Amino acid sequence: MNAYQKSYRKGMIRVAIAYPSNARVALQSLSIHIIRKLLNEHPNVYSDFVFISDDGKSLTRSLRDFDIVIFSVHYELDYPRILKMMEMSGISPYSSRRAVDDPLIVMGGPTLMANPEPMAPFTDIMLIGDAEVLIPTLINYYPEYGKNIEEYANLVGFYVPSLGKHVVTKAFVRDLSYSIKLIHDTAIELSLGNVKSIFSNPAILEVMRGCPRGCLFCMEGFVGRPVRFADINSIKELILRDLGRDERLVSGVSLIGLSVTDHPGFKELMSFLVNELGLNVSVPSLRVDSLDMDIIKLIAKGGQRVLTVAPESSERLRRALGKGFSDDDIVRAAMEAVNAGIDHLKLYFMAGLPGENDDDVKSIINLLLRLKRLGIKHALSVNPWIPKPHTPLQWLPMANDDIINSRIKALRSARTYTEFSTYNVLDAKVQALLSLGDRDVSNLVFEASLTGLDRGSWRRLLRKYEDLLNKYVYSWKPLNSELPWSHIRIPGAEEESLKSLLFKYVSEVNISLPT
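Report on the accompanying structure. Just so it is clear, the structure is predicted and the values come from calculations on it, not from any experiment.

Examining the overall build of the protein
Within the protein one finds 19 helices and 17 strands. Buried residues in the protein amount to 60% of all 515 residues. When the accessible surface of the protein is totalled, it reaches about 20,700 Å², and 49% of it is carbon and sulfur.

Okay, structure coming up:
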């Protein structure tokens, strides 16, 4: 971390990189380190991190010490903590009530890019898009625009909520050459500074952004569009450069991307890293229909002992969701993985999908029993389906608690697994509301910031705001009306194309849309 520490000099722009969690959790987020590296490329900028304690009663620094505060946000349930951080610094959470000497409050991250409205009253500027484009733009224009926030609305990817809803198109990096070096170098510097990472290997290589598959439930895949692939030769050059400097720099590589095996050069890259360089390589969740024996052997030879796949549901629903592989394909891949030396699988499923019925759950259980009979060990994760913005399923209601709980209970009761995990249904409801709501949900966020953010507080607030739950989470959204996030434009995820995918899905799973 000290590798990019910079001392403050008079006249520098002071920027806080604020993360609404404790230091231990926050420092594992690669995004804040990337933001700091981007800021420190500007000689007239001084930056520092600001975190909040677990009990929500102290900050590592006051936000009032800075000219600009950038909140890096990745999880909807952290929204109230952002307000707590402002309140504890003597800054009004509401942008309309802030004084001229208060810092410029800027927020960004995938959840806010998808739907900024629940946090709209609390921010001066919302960044919609890739940090490598937006952070330098913010710093370049700050000396001219300062806190005249309406000026920023003319910049691509800058949303100024106080001006009302105005169309904002995502700003994105077209060529990943700079980005992969930025991420990789940041990760290496952190490993040298002994900062613990969520990734298993110190060298982190971004293979792609966006996802060509378009699974209908996946917000990350749609808001990450357009799809961009990193150049394989650029990745090779980075690794060879570091090995040439000091072989100890790169003991292993973590590949990141939503569907890394879809990269046309994936097999070539894996062979280079594993066979030619002899490195350990970890890969994220993989699509079964992209795995062949060669890839599985390369993954096993790279030292990975767990193969993570996400069947999501039964064959019937899986096919409708955009995952065209069968149960037989899953069993085949599992057997090949075990034969290649991979110890066990991690399987992800969703409960409460639109159109799901008891037969779908029985089908999942039959698959799990089949794996167990073959001696294939698997950890099982079953999580509620949460409707998300910019996905074809965004118009459909979330299942109620009883349905979700009964599905999860049925899969837990099958006892096929070595480990079982699930996402709390109450948290899922809160996440859904903060994902799907409009500016009226900001009242809930503000009231939540005054509580201890325990589950009892959330239950009381959801009872109080039951009308908002019914309005946004448990309702069918009219196809001919504006959604809270319709003014946020993601290239490649236009609403008309999402509607076409929705019509196809409801037809396949036999759902009738309300007239």
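Some thoughts on the pairing of strand β11 (residues 252–256)
Where burial is concerned, most of β11 is hidden: 5 out of the 5 residues are buried. Of the two faces of β11, the one holding Gly-252, Ser-254 and Ile-256 and the one holding Val-253 and Leu-255 are both buried throughout. Judged from the 4 bridges that link them, strand β8 (residues 203–206) and β11 form a sheet pairing that is parallel. For Ile-204, the partnering residue across the bridge sits in β11 and is Ser-254.

Overview of the packing of aromatic side chains
Counted according to the given criterion, the structure contains 8 aromatic pairs. The rings of Tyr-141, Tyr-145, Tyr-152 and Phe-158 are connected pair by pair, giving a single aromatic cluster. Across from the ring centre of Phe-49, 4.8 Å away, lies the NZ or CZ of Arg-36, which sits over that ring. Lying over the aromatic face of Phe-272, Lys-236 brings its terminal NZ or CZ to 5.2 Å of the ring centre.

Here we look at the sheet that holds strand β12 (residues 280–282)
The strands making up a sheet are joined through hydrogen bonds of the backbone, oriented either antiparallel or parallel. What the 3 strands build is an open sheet, ordered β8-β11-β12; its pairing is parallel. The open sheet terminates on both sides in strands that have one partner only, identified here as β8 and β12. Each neighbouring strand pair of the sheet contributes to a mean axis angle of 25°, computed without reference to strand direction. One ladder, built from 3 bridges, connects β11 with β12; its direction is parallel. Bridge pairing in β12 links Gly-252 to Asn-280. The strands touched by helix α9 (residues 266–276) within the sheet are β11 and β12, with β11 carrying the most contacts at an inclination of about 165°.

Let's talk about helix α18 (residues 466–473)
For α18, the set of buried residues is Leu-468, Leu-469, Tyr-472 and Val-473. Angular distribution of buried residues about the axis of α18 spans 105°; they occupy a single face of the element. Where α18 is buried, its residues touch α15 (425–436) and α17 (455–464).

Remarks on the nonpolar core
With 144 residues, the main nonpolar core has Leu-63, Phe-71, Met-86, Met-107, Met-119, Leu-255 and Tyr-505 as its most contacted residues. With 8 residues, α15 is the single largest residue contributor to this core. Apart from residues no more than four positions distant in its own chain, Leu-255 is found in contact with Leu-205, Val-207, Phe-266, Leu-269, Met-270, Leu-273, Val-281, Ser-282, Val-283 and Pro-284. Ranked by size, the runner-up nonpolar core spans 39 residues in total, among them Ile-13, Ile-125, Tyr-145 and Ile-149.

Topic: the pattern of salt bridges
Tallying each qualifying case throughout the model produces 38 salt bridges. Glu-76 serves as the salt-bridge partner of Lys-388, at 2.6 Å between the closest nitrogen and oxygen. With Lys-388 in the loop between β15 (378–384) and α14 (401–413) and Glu-76 in the loop between β3 (68–72) and α3 (79–88), the pair connects residues that are 312 residues apart, well separated along the chain. By relative accessible area, which is 3% here, Glu-76 ends up buried. Residue Arg-209 pairs with Glu-132 through a salt bridge whose shortest N-O separation is 2.5 Å. Here Arg-209, found in strand β9 (residues 208–209), pairs with Glu-132, found in helix α5 (residues 131–145); they are 77 residues apart in sequence, far enough to count as distant.

Structural notes on the packing of helix α16 (residues 442–449) against α17
Two elements in contact, α16 and α17, have axes whose closest approach is 11 Å; the angle formed by their N-to-C orientations is 150°. The angle between α16 and α17 falls in the class roughly antiparallel. Between α16 and α17 the crossing geometry is right-handed. Of the residues in α17, those touching α16 at Leu-444, Glu-447 and Ala-448 are Trp-458, Leu-461 and Lys-464. Tallied by class, residues from the contact of α16 with α17 come to 4 nonpolar, no polar and 2 charged.

What counts, and at which threshold
- Residues numbered from 1 in each chain as written.
- Predicted model: local features only at pLDDT ≥ 70, side-chain atom pairs only at ≥ 80, totals over all residues.
- Heavy atoms only, no water.
- Helix = DSSP H or I, 4+ residues; strand = E, 2+ residues; numbered from the N terminus.
- Buried < 20%, exposed > 50% of the residue type's maximum accessible area, 1.4 Å probe, protein only.
- Areas by Shrake-Rupley, 256 points an atom, 1.4 Å probe, with all protein chains shown as cover.
- Pairing = 2+ DSSP bridges.
- Phe/Tyr/Trp six-rings, centres within 6.5 Å; stacked < 30°, edge-to-face > 60°.
- Lys NZ or Arg CZ within 6 Å of the ring centre and 35° of its normal.
- Axes fitted to C-alpha atoms, helices over the stretch in contact; angles between N-to-C directions.
- Contact = heavy atoms within 4.5 Å.
- Arc of directions from axis to C-beta.
- Core = buried A, V, L, I, M, F, W, Y, C linked by side-chain atoms within 4.5 Å.
- Salt bridge = Lys/Arg side-chain N within 4 Å of Asp/Glu carboxyl O.
- Parallel < 35°, antiparallel > 145°, perpendicular 65-115°, else oblique.
- Left-handed = near helix turned anticlockwise from the far one by under 90°.
- Nonpolar A, V, L, I, M, F, W, Y, C, P; charged D, E, K, R; others polar.

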